Amino acid sequence: RGKGNGIEVVAAQTGDVPFGTMTVLVPGGAKSDARAKAGVANMAAALADKGAGGMGAQEIAARLESLGASVGATAGTDGTFFSLTAPAANMQEAGEVLAAMIRSADYPAEEFERERKRAIDGLQVDLKDPGALARMAALPVFYGDAAYGSQPGGTQASLAAITREDLLEHRQAYWHPAGTKIIVSGGVSADDAVALADSLFGDWTSDAPVPPMVEDAAGEPSPVRTVVIDLPEAGQAAVYAGMRAPSRSSEDYVALELANSVLGGGSSGRLFEEVRTKRSISYGAYSGLPARADDAYLIASAQTQNATADEVVQVFLDEFDRLGSETFAEELIDKRRLFLSGGYGRSLETSSGFNNIVAELLMYGLEPGEAANYAADLQGVTPEAASAAAAKYVSADKATIVVVGNAAEFIDDLRAIRPDVEVIPASELDLSRGDLGVSE
């Protein structure tokens, strides 16, 4: 049900336990950051509870604690979520704190400087960690200069450039009633939920224009690359391999999700079996198909000894080709369906899980009712349809590879697999650019 100011409210009583969860979804996830100020959306969310509505950080924390409530804020790729969990009887009072954060977070200078320093220190650690560095470098390698290629947590240069005014501007531009959606579930009746949302946000207006949509966040598909980031002191290597994949609202998404589950879903996926169980060259290997409003990447990843990085790459490429060229057996697809729908069903049973699922669907332009249809959507994917999705998106020659580690130990063997390897010293990396800052 909608409000006069354009806010959409989804209400569902999901149980009788007298606790409620309220999730507020606003536009302006990491994809809205300007590249030179990457990290703004993340920081604006993280610091919203440090001062708002005339309350300081201590007062906000104390008030929530006294109400038995907890609040979280996360900037995702495609939007920002705030969530509040509280006893049903305290939802109104706790909701007032949440509403103040969203409508008037004021980012005190001292808290801002502390958070910025913490973020820069954390980044310094991540830049020496092969897994974290591979995850960061993969974004500009996959997406180039498109919005999805930005670093959600920022780069050292962008964190140094951000001001608290940037956070205020971000809040005013993107946390806007016109783009806001509210989900309430748990032990709260639908009528109470709508009344609650109305009392907290019904009078919210903004003089700012409606938040700009980030068009074409994935950009044009980037050419296939093999990128090695040389980190001579790395104790092990991280391998990432990604192929362009459909958005969450694409008709291919659920079929490819099922095929991906065969490839790398949990410890029963093929990547884990090949890399861990058969060869013992990694503690685990997985693949994931993230949900995105625009094109995603299906990503396989593992960490291994430097000397076996090329072997992991070869396993990944072989498994991509195998997945993309086979007809799946009915029994295999039934098993993976259960694996996916079981985890989903368990999430749906808790109010916070329900809210996360519905908020994500809304963020990707889908209807909230899709939350209940997922099991049926999975059931509707035949083995033939899963095979067709794999054939369309997954193969070795579509895969871009990123390896971070001590290149001296694997580079020759990797070149035998993929001749045109780009080697970039970690010390020269610019994570804000598709070419990683090293001109061809």
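Model, not experiment: these values are computed from the prediction.

Q: Would you explain the overall build of the protein in this entry?
A: A count of helical and extended segments in the protein gives 16 helices and 13 strands. Relative to a compact globule of 440 residues, whose C-alpha radius of gyration would be 22 Å, the protein shows 23 Å and is just as compact. When the 440 residues of the protein are sorted by exposure, 53% land in the buried category. Accessible area for the protein stands at about 18,300 Å²; split by element, carbon and sulfur atoms hold 50% of it. Mean positive and mean negative side-chain charge positions of the protein (35 and 63 charges, respectively) differ by 1 Å.

Q: Mind showing me how you'd approach the packing of aromatic side chains here?
A: Both the distance between ring centres and the angle between the ring planes are used here to describe each pair of aromatic rings. Enumeration according to the criterion identifies 8 aromatic pairs in this entry. When the ring of tyrosine 143 is compared with that of tyrosine 148, the centres are 5.3 Å apart and the planes differ by 75°; the resulting orientation is edge-to-face. Just as tyrosine 143 is buried, tyrosine 148 falls in that class too. Both rings, one in phenylalanine 316 and one in phenylalanine 320, keep their centres 6.3 Å apart while their planes meet at 35°; by these two values the pair is tilted. Of this pair, phenylalanine 316 and phenylalanine 320 are both found in helix H11 (residues 309-325), 4 residues apart, which corresponds to roughly one turn of the helix. Look at phenylalanine 316 and you get buried, because its relative accessible area is 0%. Ring pairing ties together the aromatic residues Phe142, Tyr143, Tyr148 and Tyr297, which thus form one cluster. Between the NZ or CZ atom of arginine 336 and the centre of the ring of phenylalanine 339, over which it lies, the distance is 4.5 Å.

Q: What is the right way to look at the sheet that holds strand E5 (residues 70-75) in this model?
A: If you walk across this open sheet you meet the 5 strands as E1-E7-E2-E6-E5, and the pairing is mixed. Strands with a single pairing partner mark the edges of an open sheet, and in this sheet they are strand E1 (8-13) and E5. Geometrically, the sheet is characterised by an average inter-axis angle of 10° between neighbouring strands, direction not taken into account. When E5 meets strand E6 (residues 80-87), the two strands line up antiparallel, connected through 6 bridges.

Q: Mind showing me how you'd approach the layout of surface pockets here?
A: Gaps between atoms show up when a probe of the same size as a water molecule is rolled over them. If you add up the space inside the largest pocket, you get close to 740 Å³. Arg135, Leu139, Gln151, Pro152 and Gly153 are, among the 34 residues lining the largest pocket, the residues nearest its centre. Put simply, the parts of the chain that give the lining of the largest pocket at least two residues each are helix H1 (40-46), helix H4 (109-126), helix H5 (130-143) and strand E11 (296-304). The element best represented in the lining of the largest pocket is H5, accounting for 7 residues.

Q: I'm lost on the pattern of salt bridges in this one. Help?
A: Side chains bearing opposite charge may pair, as long as their charged atoms lie close to each other. Within this structure, the stated rule accounts for 23 salt bridges. Of the charged contacts, one joins aspartate 49 and lysine 50 as a salt bridge, the two residues approaching to 3.8 Å between their closest N and O atoms. On the accessibility criterion, aspartate 49 (27% relative accessible area) is partly exposed. For lysine 50, a relative accessible area of 26% gives the class partly exposed. Residues glutamate 115 and arginine 118 are paired through a salt bridge, measuring 3.0 Å at the closest nitrogen-oxygen approach.

Q: Before we go on, may I ask you to explain the side chain of threonine 304 in this structure?
A: Within the element layout of this structure, threonine 304 appears in strand E11. In terms of polar contacts, threonine 304 uses its side chain to reach the backbone carbonyl oxygen of isoleucine 281, at 2.5 Å.

Q: What exactly am I supposed to notice about unusual backbone geometry here?
A: If a residue is not glycine, its phi is most likely negative; likewise, a peptide bond is most likely trans. One non-glycine residue, aspartate 216, lies in the positive phi region at around 50°. Mapped onto the elements, aspartate 216 comes out in the loop between helix H8 (190-201) and strand E8 (226-230). On the basis of relative accessibility, which here comes to 47%, the residue aspartate 216 falls in the partly exposed class.

Q: What is the right way to read the pairing of E8 from this model?
A: Note on strand geometry: in a regular strand, side chains alternate between the two faces of the sheet. For E8, the buried fraction is high: 4 of the 5 residues fall into the buried class. Taken together, the 5 bridges between E8 and strand E12 (residues 400-405) define a ladder with parallel strand orientation. Along E12, the bridge assignment pairs isoleucine 229 with valine 404. For E8 and strand E13 (residues 421-425), the ladder comprises 5 bridges, and the chain directions are parallel. The partner of valine 228 across the bridge, within E13, is valine 423.

Q: Help me out: how do you make sense of the sheet that holds E13 in this one?
A: Two pairing modes exist for strands in a sheet, parallel and antiparallel, and in both the strands are linked by backbone hydrogen bonds. One open sheet holds the 6 strands; their spatial order is E10-E11-E9-E12-E8-E13, and the pairing between them is mixed. Strand pairing shows two members of the sheet lacking a second neighbour, strand E10 (285-288) and E13, which therefore form its edges. Each strand of the sheet is rotated relative to its neighbour by a mean of 15°, with strand direction disregarded. Across the sheet, helix H10 (residues 270-278) touches E10 and E11, and the angle it forms with E10 is around 160°.

Q: Just to check I follow, could you spell out the packing of helix H12 (residues 330-348) against helix H13 (residues 351-363) for this structure?
A: Between two packed helices, what matters for the description is the angle formed by their axes and the separation of those axes. Interaxial distance between H12 and H13 falls to 6 Å at its minimum, and their mutual angle equals 110°. The orientation of H12 relative to H13 falls into the category roughly perpendicular. Residue-level contacts link Tyr344, Ser347 and Leu348 of H12 to Gly353, Phe354 and Ile357 of H13.

Q: What's the story with the environment of leucine 263 in this structure? I'm lost.
A: Topologically, leucine 263 is positioned in helix H9 (residues 253-264). For leucine 263, a relative accessible area of 0% puts it in the buried group. Residues leucine 263 and isoleucine 357 lie 94 residues apart in sequence; the distance between their C-alpha atoms is 23 Å. Setting aside its immediate chain neighbours within four residues, leucine 263 contacts Gly269, Arg270, Leu271, Ser287, Leu298, Glu319, Phe320 and Leu323.

Q: Quick question: what am I supposed to make of H11 here?
A: Because an α-helix packs 3.6 residues into every turn, residues spaced three or four apart end up facing the same way. Between the first and last C-alpha of H11 there are 25 Å, a value that for 17 residues agrees with the 24 Å anticipated at 1.5 Å per step. Within the sequence span of H11, burial applies to Ala309, Asp310, Val312, Val313, Val315, Phe316, Leu317, Glu319, Phe320, Leu323 and Gly324.

Q: When you look at the environment of serine 301 in this model, what are you seeing that I'm missing?
A: Considering the arrangement of structural elements, one finds serine 301 in strand E11. With 148 residues separating them along the chain, serine 301 and glycine 153 place their C-alpha atoms 20 Å apart. If sequence neighbours within four positions are ignored, serine 301 has contacts with Val239, Tyr240, Gly284, Ala285, Tyr286 and Phe316.

Conventions and cut-offs
Residues numbered from 1 in each chain as written. Predicted model: local features only at pLDDT ≥ 70, side-chain atom pairs only at ≥ 80, totals over all residues. Heavy atoms only, no water. Helix = DSSP H or I, 4+ residues; strand = E, 2+ residues; numbered from the N terminus. Rg over C-alpha atoms; globule rule 2.2 N^0.38 Å. Buried < 20%, exposed > 50% of the residue type's maximum accessible area, 1.4 Å probe, protein only. Areas by Shrake-Rupley, 256 points an atom, 1.4 Å probe, with all protein chains shown as cover. Lys, Arg positive; Asp, Glu negative; His and termini not counted. Charge placed at Lys NZ, Arg CZ, Asp CG, Glu CD. Phe/Tyr/Trp six-rings, centres within 6.5 Å; stacked < 30°, edge-to-face > 60°. Lys NZ or Arg CZ within 6 Å of the ring centre and 35° of its normal. Pairing = 2+ DSSP bridges. Axes fitted to C-alpha atoms, helices over the stretch in contact; angles between N-to-C directions. 1 Å grid on protein atoms, 1.4 Å probe; cavity = no way out; pocket = protein on both sides within 12 Å on 5 of 7 lines; lining within 4 Å. Points joined across faces, edges and corners; volume = space filled by probe spheres on them. Salt bridge = Lys/Arg side-chain N within 4 Å of Asp/Glu carboxyl O. Polar contact = N/O pair within 3.5 Å; in protein donor to acceptor, adjacent residues only side chain to side chain. Contact = heavy atoms within 4.5 Å. Parallel < 35°, antiparallel > 145°, perpendicular 65-115°, else oblique. Expected span 1.5 Å × (residues − 1).

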